[in-house]
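Report on the structure
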Amino acid sequence: QGLKPMDHNGLADPYVKLHLLPGASKANKLRTKTLRNTLNPTWNETLTYYGITDEDMIRKTLRISVCDEDKFRHNEFIGETRIPLKKLKPNQTKNFNICLEKQLPIDKTEDKSLEERGRILISLKYSSQKQGLQVGIMRCAHLAAMDANGYSDPYVKIYLKPDEDKKSKHKTAVKKKTLNPEFNEEFFYEIKHGDLAKKTLEVTVWDYDIGKSNDFIGGVVLGINAKGERLKHWFDCLKNKDKKIERWHTLTNELPGAVLSD
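Since the structure is predicted, the reported quantities are computational estimates derived from the model, not experimental observations.

Here we come to the environment of Arg-31. Looking at where Arg-31 falls in the secondary structure, it is placed in strand β2 (residues 30-31). For Arg-31 and Leu-104, which are 73 residues apart along the polypeptide, the C-alpha to C-alpha distance reads 19 Å. If we skip the residues at most four places from it in the chain, Arg-31 touches Tyr-15, Val-16, Lys-17, Leu-47 and Glu-69. In terms of polar contacts, Arg-31 uses its side chain to reach the side chain of Thr-34, at 2.7 Å.

Counting residues in each nonpolar core, the largest one holds 29 residues, and the members touching the most others are Ile-120, Ile-137 and Leu-201. Broken down by secondary-structure element, the contributors of at least two residues to this core are β5 (116-127), β6 (132-141), β7 (154-161), β9 (182-190), β10 (200-207), β11 (215-223) and α3 (228-239). Contacts of Ile-137, omitting those with residues within four sequence positions, involve Ile-120, Leu-121, Ile-122, Val-156, Ile-158, Thr-172, Phe-183, Asn-184, Glu-185, Phe-187 and Val-203.

Moving on, we come to the side chain of Asp-163. Mapping Asp-163 onto the fold places it in the loop between β7 and β8 (170-171). Within the structure, the side chain of Asp-163 is placed 3.2 Å from the backbone nitrogen of Lys-167, a separation counted as a polar contact. One polar contact links Asp-163 to Ser-168, side chain to side chain, over a distance of 2.7 Å.

A few words now on the pairing of strand β3 (residues 61-68). Of all the 8 residues making up β3, 7 are buried; the element is thus mostly covered by neighbouring parts of the structure. Two elements, β3 and strand β4 (residues 76-84), share 8 bridges in a ladder whose sense is antiparallel. Bridged to Ile-64 within β4 is Thr-81.

Taken as a whole, this structure holds 0 disulfides when the rule is applied. Here Cys-67 is not cross-linked by a disulfide; its sulfur's nearest cysteine counterpart is in Cys-99, at 17 Å. Not part of a disulfide, Cys-237 finds its nearest cysteine sulfur in Cys-140, a span of 19 Å.

For the rest of this paragraph, the subject is the sheet that holds β4. The strand order across the open sheet built from 4 strands is β2-β1-β3-β4, with neighbouring strands paired in antiparallel fashion. The open sheet has two edge strands, β2 and β4, and neither has a second partner. Relative to β2, strand β1 (residues 14-21) is paired through 2 bridges, and the arrangement is antiparallel. Residue pairing in the sheet places Leu-18 in a bridge with Leu-30 of β2.

A few words on the pattern of salt bridges. Applying the stated criterion to the full structure yields 16 salt bridges. Between Glu-186 and Lys-244 there is a salt bridge whose closest N-O contact spans 3.2 Å. With a gap of 58 residues between them, Glu-186 in strand β9 and Lys-244 in the loop between α3 and β12 (245-252) connect regions that are remote in the sequence. On the accessibility criterion, Glu-186 (41% relative accessible area) is partly exposed. One continuous salt-bridge network, built from bridges that share partners, spans Glu-229, Lys-232, Asp-236, Lys-239 and Arg-247.

Moving on to the layout of surface pockets. Considering only enclosed or pocket space, the largest pocket measures out at about 1600 Å³ in volume. Around the largest pocket sit 37 residues that line it, and Leu-18, Leu-62, Ile-64, Ile-83 and Phe-96 are the ones nearest its centre. Contributing elements (two or more residues each) for the lining of the largest pocket: β1, β3 and β4. Across the lining of the largest pocket, the residue classes break down as 20 nonpolar, 13 polar and 4 charged.

With that out of the way, let us pick up unusual backbone geometry. The step from Leu-21 to Pro-22 runs through a cis peptide bond, and the omega angle for that step is -10°. Cis geometry marks the peptide bond from Lys-161 to Pro-162, where omega comes out at -5°. Structurally, the position occupied by Pro-162 is in the loop between β7 and β8. With phi around 55°, Asn-91 is a residue other than glycine that occupies positive phi space. Topologically, Asn-91 is positioned in the loop between β4 and β5. Its identity is not glycine, yet Asn-184 carries a phi of approximately 50°, on the positive side.

Rules and cut-offs
Residues numbered from 1 in each chain as written. Predicted model: local features only at pLDDT ≥ 70, side-chain atom pairs only at ≥ 80, totals over all residues. Heavy atoms only, no water. Helix = DSSP H or I, 4+ residues; strand = E, 2+ residues; numbered from the N terminus. Contact = heavy atoms within 4.5 Å. Polar contact = N/O pair within 3.5 Å; in protein donor to acceptor, adjacent residues only side chain to side chain. Core = buried A, V, L, I, M, F, W, Y, C linked by side-chain atoms within 4.5 Å. Buried < 20%, exposed > 50% of the residue type's maximum accessible area, 1.4 Å probe, protein only. Pairing = 2+ DSSP bridges. Disulfide = S-S within 2.5 Å. Salt bridge = Lys/Arg side-chain N within 4 Å of Asp/Glu carboxyl O. 1 Å grid on protein atoms, 1.4 Å probe; cavity = no way out; pocket = protein on both sides within 12 Å on 5 of 7 lines; lining within 4 Å. Points joined across faces, edges and corners; volume = space filled by probe spheres on them. Nonpolar A, V, L, I, M, F, W, Y, C, P; charged D, E, K, R; others polar.

Right, dumping it as structure tokens:
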């Protein structure tokens, strides 16, 4: 309501964009459509972030910016506000009525962690009947865009390491032009339960390009030497045979010793 006029006609062409802070802006930007010639826009749009963990709810802040779309020059900033996610309760809708402020600085130092490149939902299950590990690559969310059109053509690659003769490589299909692909593919590794503790699962997400090398989007390593959610997921899988355990993980732009070419 009552937006600042941005155009010669005394109106604006507003849209709203969302960021989750701290985090790489490209990978987690969502936006509404643009409404024309209004200072009192009504969108009634729902924007969804998938793969939000409990840790995110404590640590992250939603930045809501209102901007004016401009055909001929840069889109202009109208105002922004921020809501810490810890103000929300599970399964409860909360309405806010907040004044927009001028642009607040993004504190580059606050996030010492690696750049986030999106999220991936992985399921793990040790099957005692089949004597092996079942890895499900379910979906990704808010991947970093790699192509000029603002999208990527993502696929996922997995290795069970150490892997001397590179026999453990599996790949999903490529999904075209999306930052939120659904794969729902399962892969199987025949391995004794006792040997799993010595292994790590390396999961990498790539952008498929015709005629040139594919771009690395991000990755995650699960295993006994991992930390936090990545260790817990692996440990829960080892501990609970025949139970499928699904978890979201944050993709980062750095992988220890990964082969970063494809």
